[in-house]
Amino acid sequence: MTSEELRDSLLMAPKNGFSRIDEAQRKEIDAYCKDYVAFMDACKTEREATAWAIAEAEKHGFKPFATGMDIQAGDKIYYNNRNKAIALAVIGTSSLAEGINICAAHVDSPRIDIKPNPLYEESEIAYLKGHYYGGIKKYQWPTIPLALHGVVYRKDGTLVTVTIGEEDTDPVLMISDLLPHLAADQMQKTAAKVIEGEQLNVIMGTEPLEGEGADLVKLHIMKLLNEKYALVEEDFLSAELTLVPAGKCRDVGLDRSLISGYGHDDRVCAYAELYALFQIDTPAKTAVCILADKEEIGSVGVSGMQSKYFEHFIEGLCEAQNVKLSDCFSNSFCLSADVSNAFDPNWPETCDRRNNSKLNYGVAICKYTGSRGKGGASDASAEAMGHIRTTFANAGVIWQIATLGKVDQGGGGTVAAYMANRNIVTVDAGVPVLSMHAPLELVSKLDCYETMLACKAIYLA
Ligand code: MN
Ligand code: MN
């Protein structure tokens, strides 16, 4: 054999995904991403994503889970976890004892939550006090248009849903930054301190009501909130309000190959999972899609992936078939669908480029996450990686390998460890992202689409 022939038969030669698709697939990618963007523009919080998933699921024939319900192959069931997370199942033809195929993503994203007692006036400017949620660079959040999303429960128990800043006619909210002319001291600080946690206070207004006494600007803002939502100040105590970047996704690049948007991490994988689940016919093994909350702060709490709500749901399904939950889990597989860092040529020194995911090379499989000596990682076995390789090859999924940065540079985690702790074989996979955790993140349309195909292949494996 010549060296050329040996090279072809022995060595890997990764190719850009665009050289591996035809014109018809290019159109499918665009159509899929148009739907994805509509979902993104409608859903910026875990609550909004959960509500959207329930509405779409019901259109596709899904029914709510109830303990003691009968199940049959082809049944479509969803479990709403307190309006903040959801798991959906399409019951397969084989017994649950043979295991289930799971895709697990999260629908919470880094943001600025509003404190329980937030409204105050200072120097005749009214503010809400913020508390950041998840891993953000705080300095990225001032001077960009922000929208207020969330829910408030009034004292009488009635619910108010708040959205301010998304309609073209809405005002937006904003956090101020210091002018460079007076920033001599600020510019000497480390990036972590340039904007401090207690400076994430958002301007609500500046016009005082007519009258005497203190805090007439604050009073004006409260009056406006009362007129629109019938709220009083005490109602903030039983609220979940959050500041997110205002506005919609946009195509990026003259070739329109990328999408900018808030919270691709991890709604880009959540949407891929849901879309794929709605596409499949009755699978052999039961297919389960999870949209979890609280991943960005450690998957803790009743709506996070460490919560036993997942056991409650799957155990309920198992009971209908007289199957032990532990038998089901031990034969199950989970694709922990979460984003990875796309290689960024502006910071090549942070990555091992031989092992980093790249834009347009397809869904990124991350054998392990963690930090330092794989600390905290769910390290997928050779068997699990082999299963993925075979499944994706058979389904024609364009995929690539990924690691999160060079050794000792940093690290991170996903829900993978919590699925693996349940005795479920788990592999991390997802869409490569530029500017992850920034107010606006970037993803490639091709990678979004291939991640959806990957989820579909896992459901049908
Ligand atoms: Mn994530
Ligand atoms: Mn994240």
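Provided above is the structure to which this section pertains.
Quick look at the structure, then. All values derive from a computational prediction rather than experimental measurement.

1. Some points on the coordination of the manganese ion (ligand 1)
Inference 1: At the metal site, the manganese ion (ligand 1) is ligated by His106 (NE2), Asp265 (OD), Asp338 (OD) and Asp338 (OD), and these contacts range over 2.1 to 2.5 Å.
Inference 2: When the donors of the manganese ion (ligand 1) are listed by position in the chain, the intervening gaps give H-x158-D-x72-D.
Inference 3: Between the manganese ion (ligand 1) and the manganese ion (ligand 2), both coordinated by Asp265, there is a metal-metal distance of 3.3 Å. Remark: Asp338 occurs in the loop between strand 14 (333-337) and strand 15 (340-341) and His106 occurs in strand 4 (residues 100-106); sequence separation between them is 232 residues.
Inference 4: You can call His106 buried: its relative accessible area is 1%.
Inference 5: Overall, the relative accessible area of 8% leaves Asp338 in the buried class.

2. What to know about the pairing of strand 2 (residues 76-81)
Inference 1: As judged from the two bridges shared by strand 1 (residues 63-64) and strand 2, these two strands associate in the parallel manner. Directly across from Pro64, in strand 2, lies its bridge partner Tyr78.
Inference 2: Linking two consecutive strands that pair antiparallel, namely strand 2 and strand 3 (residues 85-90), is a turn of three residues; a positive phi of about 55° is found at Arg82 within it.

3. Focus on the sheet that holds strand 8 (residues 159-164)
Inference 1: In space, the six strands of this open sheet follow the order 8-7-10-5-6-9, with antiparallel pairing throughout. With one partner strand each, in any of the chains shown, strand 8 and strand 9 (201-205) form the two edges of the open sheet. Between one strand axis and the next, the sheet turns by 30° as a mean value, whatever way the strands run.
Inference 2: Here seven bridges tie strand 7 (residues 146-153) to strand 10 (residues 239-245), and the two strands are oriented antiparallel to one another.

4. With respect to the packing of helix 2 (residues 23-42) against helix 11 (residues 445-459)
Inference 1: Contact geometry of helix 2 with helix 11 gives a least axis separation of 9 Å together with a crossing angle of 85°. Considering the angle they form, helix 2 stands roughly perpendicular to helix 11. Along the contact surface, helix 2 presents Glu28, Ile29, Asp30, Tyr32, Cys33 and Tyr36, while helix 11 presents Lys445, Leu446, Cys448, Tyr449 and Met452.

5. Points about the packing of aromatic side chains
Inference 1: Going through the model one piece at a time under the given rule, you end up with 16 aromatic pairs.
Inference 2: Consider the rings of Tyr32 and Tyr271, whose centres lie 5.6 Å apart with planes at 45°: the pair is tilted. Of this pair, Tyr32 sits in helix 2 while Tyr271 is found in helix 6 (residues 264-279), placing the two residues 239 residues apart along the sequence.
Inference 3: The class for Tyr271 is buried, based on a relative accessible area of 5%.
Inference 4: Taken together, a centroid distance of 5.5 Å and an interplanar angle of 40° make the contact between Phe65 and Tyr79 tilted. Of this pair, Phe65 sits in the loop between strand 1 and strand 2 while Tyr79 sits in strand 2, and the two are 14 residues apart along the sequence. Neither Phe65 nor Tyr79 differs from the other in exposure class; each is buried.
Inference 5: Taken together, the aromatic side chains of Tyr32, Tyr36, Phe39, Trp52, Tyr271, Tyr275 and Tyr449 make up a single cluster linked through ring pairs.

6. Comments concerning a nonpolar patch on the surface
Inference 1: Nonpolar side chains collect at one region of the surface, where Met1, Leu6, Leu10 and Leu11 lie side by side and expose about 480 Å² of accessible area between them.
Inference 2: Accessibility expressed as a relative area gives 54% for Leu11, which makes it exposed.

About the criteria used
Residues numbered from 1 in each chain as written. Chains lettered and ligands numbered in written order. Predicted model: local features only at pLDDT ≥ 70, side-chain atom pairs only at ≥ 80, totals over all residues. Heavy atoms only, no water. Donors = N, O, S within 2.8 Å, 3.2 Å for Na, K, Ca; no water. Helix = DSSP H or I, 4+ residues; strand = E, 2+ residues; numbered from the N terminus. Buried < 20%, exposed > 50% of the residue type's maximum accessible area, 1.4 Å probe, protein only. Pairing = 2+ DSSP bridges. Axes fitted to C-alpha atoms, helices over the stretch in contact; angles between N-to-C directions. Parallel < 35°, antiparallel > 145°, perpendicular 65-115°, else oblique. Contact = heavy atoms within 4.5 Å. Phe/Tyr/Trp six-rings, centres within 6.5 Å; stacked < 30°, edge-to-face > 60°. Patch = residues over 30% accessible without salt bridge, like charges linked within 9 Å, V, L, I, M, F, W, Y side chains within 5 Å. Areas by Shrake-Rupley, 256 points an atom, 1.4 Å probe, with all protein chains shown as cover. Salt bridge = Lys/Arg side-chain N within 4 Å of Asp/Glu carboxyl O.

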